Amino acid sequence: MSTIAAPTTPLTNAASRPAHRAPFINPTVLAIELRRVLRNRRTMIFTLVFPVAMFFFISTSIPKDQQSMGQGVIANVSAWVMVSMAVYGAVIASTGAGASVSIERASGWSRQLRLTPLRPTSYIVTKMLSALVLGAVATAVTFAAGGMSGKAVASTQAWVVSAVIILIGSLVFAAFGLFIGYLLPSDNAMQFLGPIVAILAMLGGIFFPIAAGSTFDTIASFTPIYGLAQIAHWPLSQTVVGTHDPFQLSWALNLAAWTVIFVGGAAWRFRKDTARV
């Protein structure tokens, strides 16, 4: 009886093949994410329309003889309002972009992404990039409204530095949005998001200036938006003849502390969420 000889070339084990490594940033996923957030009408209203409307409403109610921010300061009160509204719009945009993960979890989109080669860290970075783009749009629109109105007066350096500070600082609130999105169910996260940010903005001195050294200033210094708001407004006081308002280290410490809290909270909830798969 004849026998069939075994093949001399071993079959390739599929399990031993190296897994396909997806690129760290997937342009397709990033484009989908950007289109999704830009098509959200509610987000666009609170990100673009509300800050601009508030800027015009407040700036037009300020008499010309009350526009000065102090002796020798070139920037005026309307510029301060413009920066405040840009901070608010960027924070809303970044927080909303991060918190959208709650809806994706509820719809099963996050689970589908985990079945693809997309890395978990890439997913988080994609969320942060979309938040950065949306925050940049919110800041640009508010600054453009201030410039075209002719009411916001500040040096070119103050405009640029404030915009950069707002853009970078808003990323902290993308982490805050991720934390809220992973912490609360989808129907609760987006409902609580607007009121939470509005309250934090009031405590942080976005809608009205806080008197330095007051009791309210002490309380506000422990809230999340306070540090970003103070740092973003600080360049406006640097166009002073002969003197400059000092930069307060407590502002940076406030922003750094809340960055650690929000990033740590988002990472904690993200690990808990991915452990379920």
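Here the structure is a predicted model, which is why all the values come from computation and not from measurement. (Residues numbered from 1 in each chain as written. Predicted model: local features only at pLDDT ≥ 70, side-chain atom pairs only at ≥ 80, totals over all residues. Heavy atoms only, no water.)

S.K.: I keep staring at the nonpolar core and nothing clicks. Help me out?
M.R.: A general trend in soluble globular proteins is that nonpolar side chains are found buried together. Counting 44 residues, the largest nonpolar core has Val83, Val87, Ile166, Phe173, Ile206, Ile225 and Leu236 as the members making the most contacts within it. It is helix 3 (residues 77–99) that provides the largest number of residues to this core, a total of 13 residues. Excluding its chain neighbours within four sequence positions, the residues that come into contact with isoleucine 225 are Val87, Val91, Phe173, Val197, Leu200, Ala201, Gly204 and Ile206. Of all hydrophobic cores here, the second largest spans 7 residues; its members include Val101, Tyr182, Ala266 and Phe270. (Core = buried A, V, L, I, M, F, W, Y, C linked by side-chain atoms within 4.5 Å. Buried < 20%, exposed > 50% of the residue type's maximum accessible area, 1.4 Å probe, protein only. Helix = DSSP H or I, 4+ residues; strand = E, 2+ residues; numbered from the N terminus. Contact = heavy atoms within 4.5 Å.)

S.K.: I keep staring at the layout of surface pockets and nothing clicks. Help me out?
M.R.: Space left empty within the atom packing is revealed by a probe, the size of a water molecule, rolled over the atoms. In this structure, the second largest pocket encloses a volume near 230 Å³. Forming the boundary of the second largest pocket are 12 residues, of which Arg42, Phe46, Ile92, Leu193 and Gly194 lie nearest the centre. Looking at the lining of the second largest pocket, the elements with two or more residues in it are helix 2 (41–60), helix 3 and helix 8 (186–203). It is helix 8 that contributes the most residues to the lining of the second largest pocket, 6 residues altogether. Within the lining of the second largest pocket, the residues separate by chemical class into 7 nonpolar, 4 polar and 1 charged. (1 Å grid on protein atoms, 1.4 Å probe; cavity = no way out; pocket = protein on both sides within 12 Å on 5 of 7 lines; lining within 4 Å. Points joined across faces, edges and corners; volume = space filled by probe spheres on them. Nonpolar A, V, L, I, M, F, W, Y, C, P; charged D, E, K, R; others polar.)

S.K.: Would you explain the environment of valine 81 in this entry?
M.R.: The residue valine 81 is located in helix 3 in this model. Beyond its immediate chain neighbours, meaning those up to four positions away, valine 81 contacts Phe55, Ile58 and Ile62.

S.K.: It is not clear to me how the confidence of the model for the protein chain should be interpreted in this structure. Could you clarify?
M.R.: Low pLDDT marks regions whose predicted coordinates should not be analysed in detail. Counting all residues, the mean pLDDT for the protein chain is 80, and 76% of those residues have values of 70 or more. The lowest-confidence element of the protein chain is helix 5 (residues 109–114), averaging 63 in pLDDT; the highest-confidence one is helix 10 (residues 224–233), averaging 94. Counting interchain partners and residues more than four positions distant, the pLDDT-below-50 stretch residues 14–20 has 2 contacts. (pLDDT = per-residue confidence, 0-100.)

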